Amino acid sequence: MIKSVLRTIGALIVVLFSVSANADRQPLLDSKTRFHPVISQTGMVVSQEMIASQVGADILAKGGNAIDAAVATGFALAVTLPRAGNIGGGGFMMIYLAEENKTIAIDYREMAPSEAFKDMFLNPEGDVDNRKAQFSIQSSGVPGTVAGLVHAQENYGKLSLKQVLKPAINLARNGITVTITLAESLAARSERLQMDAGTKKYFFKKDGAEYQPGDVIRQRDLAATLARIAANGAAGFYQGKTAAMIVDQMERTGGLITSADLESYVALERTPVCGDYRGSKVCAMPPPSSGGIHLVQMLNILEGWDLKALGHNSADYIHRLVESMRRAYADRSLYLGDSDFFPVPLAQLTDKKYASTLRQQIDLDHASRSEDVRPGLVDRAESTETTHFSAWDQWGNVVSNTYTLNFSYGSGISVDGAGFLLNNEMDDFSAKPGSPNGYGLVGGIANSIQPGKRPLSSMTPTIVFDPAGAPILATGSPGGSTIITVVMQMVLNVLEFDMGIAEATAASRIHHQWLPDNVYYESGVSADTLRLLREMGHIVNDQPRRLGASESIEANGDGVLFGAEDPRRHGSGAVAQP
Ligand code: DON
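Described below are features of the structure shown in this document. Predicted model, so just to flag it, every value in this text is computed and none were measured.

### Regarding the sheet that holds strand S1 (residues 38-40)
Line of reasoning, step 1. The strand order S1-S19-S18-S15-S14-S9-S8 describes an open sheet built from seven strands, whose pairing is antiparallel. Across the chains shown, the open sheet's two edge strands, defined by having one partner strand only, are S1 and strand S8 (273-277). Neighbour-to-neighbour, the strand axes of this sheet turn through a mean angle of 20°, independent of strand direction.
Line of reasoning, step 2. Taken together, the three bridges between strand S9 (residues 280-284) and strand S14 (residues 462-465) define a ladder with antiparallel strand orientation. When the sheet's bridge partners are listed, Lys 281 is paired in S14 with Phe 465.
Line of reasoning, step 3. Where helix H19 (residues 483-495) meets the sheet, it contacts S8, S9, S14, strand S15 (471-475) and strand S18 (552-555), and its direction lies at approximately 150° from that of S15.

### Considerations on helix H14 (residues 291-302)
Line of reasoning, step 1. The end-to-end C-alpha separation of H14 is 16 Å, in line with the 16 Å expected for 12 residues at 1.5 Å each.
Line of reasoning, step 2. Buried within H14 we find Gly 291, Gly 292, Ile 293, His 294, Leu 295, Val 296, Gln 297, Met 298, Leu 299, Asn 300, Ile 301 and Leu 302.

### Description of the packing of H14 against H19
Line of reasoning, step 1. H19 packs onto H14 with a crossing angle of 50° between their chain directions and a minimal axis gap of 10 Å. What the angle tells us is that H14 and H19 run oblique. In terms of crossing hand, the pair formed by H14 and H19 is right-handed. Contacts from Gly 291, His 294, Leu 295, Met 298, Leu 299 and Leu 302 in H14 reach Ile 484, Thr 485, Val 487, Met 488, Val 491 and Leu 492 in H19.

### Points about the state of the cysteines
Line of reasoning, step 1. This structure, assessed with the given rule, holds one disulfide.
Line of reasoning, step 2. Each disulfide pairs two cysteine sulfurs, and for Cys 274 the partner residue is Cys 283, the sulfurs being separated by 2.1 Å. The sign of the 110° torsion about the S-S bond sets the Cys 274-Cys 283 disulfide as right-handed.
Line of reasoning, step 3. We classify Cys 283 as buried; its relative accessible area is 0%.

### Overview of the layout of surface pockets
Line of reasoning, step 1. Within this model, the second largest pocket holds a volume of roughly 340 Å³.
Line of reasoning, step 2. Looking at the second largest pocket, it is lined by 13 residues, and the ones nearest its centre are Lys 201, Lys 206, Tyr 211, Arg 218 and Arg 220.
Line of reasoning, step 3. The biggest single contributor to the lining of the second largest pocket is helix H9 (residues 197-203), with three residues.
Line of reasoning, step 4. Class assignment of the residues belonging to the lining of the second largest pocket gives a composition of five nonpolar, one polar and seven charged.

### Let's talk about the site of the ligand
Line of reasoning, step 1. Looking at the ligand, there are 15 residues lining it, with Thr 386, Glu 425, Asp 428, Ser 457 and Gly 480 nearest.
Line of reasoning, step 2. Within the contact set of the ligand, an oxygen atom lies 2.5 Å away from a side-chain nitrogen or oxygen of Thr 386.
Line of reasoning, step 3. Spatially, the ligand is embedded in the largest cavity.
Line of reasoning, step 4. By residue number, the principal contributor to the shell around the ligand is strand S10 (residues 384-392), which donates three residues.
Line of reasoning, step 5. Considering only residue class, the shell around the ligand consists of four nonpolar, seven polar and four charged.

### Some thoughts on empty space enclosed by the protein
Line of reasoning, step 1. Under the counting rule described, the total for this entry stands at six cavities of 30 Å³ or more.
Line of reasoning, step 2. Roughly 110 Å³ of volume is contained in the largest cavity.
Line of reasoning, step 3. Residue lining of the largest cavity: 17 residues in total, with Asn 406, Asp 428, Tyr 439, Ser 458 and Gly 480 positioned closest to the centre.
Line of reasoning, step 4. Class assignment for the residues of the lining of the largest cavity results in five nonpolar, eight polar and four charged.
Line of reasoning, step 5. Lining the second largest cavity are Ala 78, Pro 82, Gly 85, Asn 86, Ile 87, Phe 203, Gln 219, Leu 222, Leu 405, Gly 419, Phe 420 and Leu 421.
Line of reasoning, step 6. Here the residues of the lining of the second largest cavity sort into eight nonpolar, four polar and no charged.

### Considerations on the packing of helix H3 (residues 66-80) against helix H10 (residues 220-232)
Line of reasoning, step 1. At a minimum axis distance of 11 Å, the contact between H3 and H10 shows a crossing angle of 165°. Between H3 and H10, the interaxial angle falls into the category roughly antiparallel. Crossing angle aside, the handedness with which H3 passes H10 is right-handed. Residues Phe 75, Ala 78 and Val 79 of H3 form the contact with H10, whose participating residues are Leu 222, Leu 226 and Ile 229.

### Here we look at the pattern of salt bridges
Line of reasoning, step 1. Throughout the structure, instances matching the rule amount to 26 salt bridges.
Line of reasoning, step 2. Ionic pairing is found between Lys 352 and Glu 303, a salt bridge with its closest N-O pair at 2.8 Å. With Lys 352 in helix H18 (residues 352-361) and Glu 303 in the loop between H14 and helix H15 (307-310), the pair connects residues that are 49 residues apart, well separated along the chain.
Line of reasoning, step 3. Salt bridges linked by common partners bring Glu 323, Arg 326, Arg 327, Arg 369 and Asp 517 together as one network.

### What to know about the environment of Gln 297
Line of reasoning, step 1. Relative to the helices and strands, Gln 297 resides in helix H14.
Line of reasoning, step 2. Classification of Gln 297 by relative accessible area gives buried; the value is 0%.
Line of reasoning, step 3. The sequence separation of Gln 297 and Asp 542 amounts to 245 residues, and the corresponding C-alpha distance is 28 Å.
Line of reasoning, step 4. Excluding its chain neighbours within four sequence positions, the residues that come into contact with Gln 297 are Arg 327, Ala 328, Asp 331, Leu 349, Tyr 354, Ala 355 and Leu 358.

### As for helix H2 (residues 50-61)
Line of reasoning, step 1. Its 12 residues place the ends of H2 16 Å apart at the C-alpha level, agreeing with the 16 Å of an ideal helix rising 1.5 Å per residue.
Line of reasoning, step 2. Its side-chain oxygen at 3.1 Å from the backbone nitrogen of Ile 51, Glu 49 defines the N-terminal cap of H2.
Line of reasoning, step 3. Just downstream of H2 lies Gly 63, where phi reads positive at about 100°.

The rules behind each value
Residues numbered from 1 in each chain as written. Predicted model: local features only at pLDDT ≥ 70, side-chain atom pairs only at ≥ 80, totals over all residues. Heavy atoms only, no water. Pairing = 2+ DSSP bridges. Helix = DSSP H or I, 4+ residues; strand = E, 2+ residues; numbered from the N terminus. Axes fitted to C-alpha atoms, helices over the stretch in contact; angles between N-to-C directions. Contact = heavy atoms within 4.5 Å. Expected span 1.5 Å × (residues − 1). Buried < 20%, exposed > 50% of the residue type's maximum accessible area, 1.4 Å probe, protein only. Parallel < 35°, antiparallel > 145°, perpendicular 65-115°, else oblique. Left-handed = near helix turned anticlockwise from the far one by under 90°. Disulfide = S-S within 2.5 Å. 1 Å grid on protein atoms, 1.4 Å probe; cavity = no way out; pocket = protein on both sides within 12 Å on 5 of 7 lines; lining within 4 Å. Points joined across faces, edges and corners; volume = space filled by probe spheres on them. Nonpolar A, V, L, I, M, F, W, Y, C, P; charged D, E, K, R; others polar. Near = heavy atom within 4 Å. Polar contact = N/O pair within 3.5 Å; in protein donor to acceptor, adjacent residues only side chain to side chain. Sits in = over half its atoms within 2 Å of the grid points. Salt bridge = Lys/Arg side-chain N within 4 Å of Asp/Glu carboxyl O.

So this is what it looks like as structure tokens:
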């Protein structure tokens with residue numbers, strides 16, 4: 001009796017539940033809002049540092065477009081995130097202009113000085129002198145950031161350069177409050193950074209003591225340099241007082257950058273590399289970044305399998321990713337460099353037929369071996385840092401930007417008097433064929449050092465479009481050699497696995513780069529999966545590591561934006577237009 005009453009109640013609940021389920025429309029945002037993204041129906045900026053994101057969002061509120069917001073954020077990061085935000089480095093910006101329905105790729109990568117030469121980092125024994133390549137005054141290429149940001153703002157922004165630079169100038173002049181993250185990041189490199197008098201002056205107390213959380217860092221020299229840029233545009237950096245300070249330091253300390261190098265530096269607009277993944281267009285940077293080519297190449301290979309059916313991060317899925325990555329990075333070492341100096345076979349590498357040839361070489365049950373195993377990805381004591389930010393405005397314009405000093409705090413050397421750190425991007429060249437750089441990447445003649453050439457990059461700022469041509473995703477990441485594979489997994493998580501942006505960002509990632517022959521993975525990939533991969537013959541790293549830090553915005557096509565900062569690195573922020 002009791003049983004039958006319970007059964008009736010149970011049946012009633014099922015009926016009521018299905019009636020209410022039928023009556024309610026499936027909530028539109030359900031899948032998109034998992035893992036708590038920031039939502040906006042106007043605009044948004046996502047970056048590695050919350051104050052800089054807020055600066056960009058405020059610029060949107062003042063009527064600026066995504067380009068104004070991105071440039072304001074880029075300059076603000078030079079103040080608030082000195083380990084990667086910069087004016088002494090370089091990067092790449094992808095822009096989508098809604099009205100023209102046009103995608104633009106701006107290359108503001110650093111350039112080898114005119115006095116640079118192929119063997120400049122070799123010691124008398126013919127081996128690469130890593131200290132000279134990574135931590136000397138000669139480690140720096142001619143900075144491109146100011147040319148790139150000013151080019152974007154002057155050509156595609158709505159506000160004035162002065163307006164977008166003002167927040168950064170104020171932050172530098174009035175000071176920023178030191179966070180736990182900033183204090184720790186500086187303290188961890190105290191010895192190296194204090195070796196340079198300028199860097200010691202700018203980032204440590206007068207007596208050399210480390211800043212503590214809650215202290216205020218004022219960067220008056222940097223504020224003055226930014227003010228010269230606000231007043232004179234790019235000439236405020238590449239000519240006049242700032243240029244004189246750079247050249248003076250080069251001459252005093254054996255650097256190669258001359259005033260002619262600075263004056264001749266230009267940001268270049270290049271044709272984006274776009275591929276098609278199951279009807280969605282994926283656009284990213286062409287050389288001197290390797291990002292766009294290999295992103296498209298790997299997606300082309302992977303498109304041939306039903307990845308969704310394999311299941312996200314299953315062993316069979318990871319196996320296919322790894323084998324595609326292995327082949328793309330092998331090609332990178334041979335064919336990729338600055339296409340103004342070396343005939344990069346872009347069309348062949350991104351050709352679907354070539355991808356299908358590579359796919360056919362992949363044994364679905366067994367790992368292949370990376371040939372010619374060489375010293376691999378150096379597990380560096382020195383951490384590296386690049387930074388990505390994305391901006392989206394109410395008119396549908398989109399910016400996806402990655403820029404860097406290369407390592408954290410670049411070469412560690414500041415331009416004395418001008419208040420900013422110099423990059424160590426010359427290490428992204430192949431100093432000697434087959435010798436791994438700071439990311440374990442090997443290269444050859446395509447990426448050898450030549451005057452005026454731009455070192456090969458992995459930075460992959462990306463914009464994805466739906467089959468109707470509307471932008472649906474802006475993403476990118478730091479992480480040196482891991483950038484391209486991290487971005488690819490972001491694209492697959494969104495396009496293939498229908499994850500909302502926050503879930504796509506949080507999901508565990510894997511990485512392989514041909515050499516070393518090693519599968520890197522993040523915590524969250526199960527022990528069972530790793531066992532299956534080992535059984536297939538993969539060499540799996542003995543412990544998890546952190547891969548990338550994407551700062552992304554997704555649009556659902558109905559005018560709603562979803563932003564997610566990467567939870568892997570502290571301090572980042574997605575900020576909606578107020
Ligand atoms: O351009 C490149 O590929 C490198 N210089 C990027 C460095 C980087 O991502 C460091 N960040 N974690």
